[in-house]
Amino acid sequence: KETKLTDLEKLEDKFDDIIEHLSEKIDELDYTVDRQVSEISQLGNDVSYLENKVDDLESQLDNLEES
């Protein structure tokens, strides 16, 4: 009976270790996703900025052509 309990405790410890390991992996993935979302947002801002610059240059060219 005592051996069965010890085996059960060992199994429980293994499950606890697996759960802890998976929790750490989830935390790492959450951090990675958050960082990537931030980088994507920054890229979106950069694209908007560059689109505005292109629009400005096109307007300047149009104005020069009209002159």
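Computed from a predicted model, the values in this text were never measured in an experiment. (Residues numbered from 1 in each chain as written. Predicted model: local features only at pLDDT ≥ 70, side-chain atom pairs only at ≥ 80, totals over all residues. Heavy atoms only, no water.)

### A look at the overall build of the protein chain
Each helix and strand in the protein chain was counted, giving one helix and zero strands. Rg of the C-alpha trace for the protein chain: 29 Å, well past the compact-globule value of 11 Å for 67 residues, more than 25% over. Put simply, the protein chain has 67 residues, and 0% of those count as buried. Looking at the protein chain as shown, the accessible area adds up to about 6600 Å², and 55% of this sits on carbon and sulfur atoms. (Helix = DSSP H or I, 4+ residues; strand = E, 2+ residues; numbered from the N terminus. Rg over C-alpha atoms; globule rule 2.2 N^0.38 Å. Buried < 20%, exposed > 50% of the residue type's maximum accessible area, 1.4 Å probe, protein only. Areas by Shrake-Rupley, 256 points an atom, 1.4 Å probe, with all protein chains shown as cover.)

### Quick notes on a negative patch on the surface
Taken together, the side chains of Glu9, Glu12, Asp13, Asp16, Asp17, Glu20, Glu24, Asp27, Asp30 and Asp34 define an acidic patch exposed on the protein surface. Tracing the sequence through the fold places Asp17 in helix α1 (residues 2-66). (Patch = residues over 30% accessible without salt bridge, like charges linked within 9 Å, V, L, I, M, F, W, Y side chains within 5 Å. Salt bridge = Lys/Arg side-chain N within 4 Å of Asp/Glu carboxyl O. Lys, Arg positive; Asp, Glu negative; His and termini not counted. Charge placed at Lys NZ, Arg CZ, Asp CG, Glu CD.)

### A closer look at the pattern of salt bridges
Opposite charge on two side chains lets them pair, provided their charged atoms get close. Under the defined criterion, the tally for this structure stands at two salt bridges. One salt bridge connects Glu28 with Lys25, and the closest N-O pair in it is separated by 3.9 Å. With a gap of three residues between them, Glu28 and Lys25 both fall in helix α1, about one helical turn apart. When its relative accessible area of 45% is taken as the criterion, Glu28 is described as partly exposed. Among the salt bridges present, the one from Glu39 reaches Arg35, with a minimum N-O distance of 3.9 Å. Note that Glu39 and Arg35 are positioned in helix α1 at a spacing of four residues, about one turn of the helix.

### Looking at a nonpolar patch on the surface
A cluster of nonpolar side chains, Leu5, Leu8, Leu11, Phe15, Ile18, Ile19 and Leu22, forms an exposed patch at the surface whose accessible area comes to about 690 Å². By the element assignment, Phe15 lies in helix α1.

### Considering the environment of Val47
Topologically, Val47 is positioned in helix α1. Note on Val47: relative accessible area 45%, which makes it partly exposed. Sequence separation of Val47 and Asp62 is 15 residues, and the distance between their C-alpha atoms is 22 Å.

### A short note on the environment of Gln42
Checked against the element boundaries, Gln42 lands in helix α1. Residue class for Gln42 comes out partly exposed when judged on its relative accessible area of 42%. Sequence separation between Gln42 and Asp16 is 26 residues; the distance between their C-alpha atoms is 39 Å.

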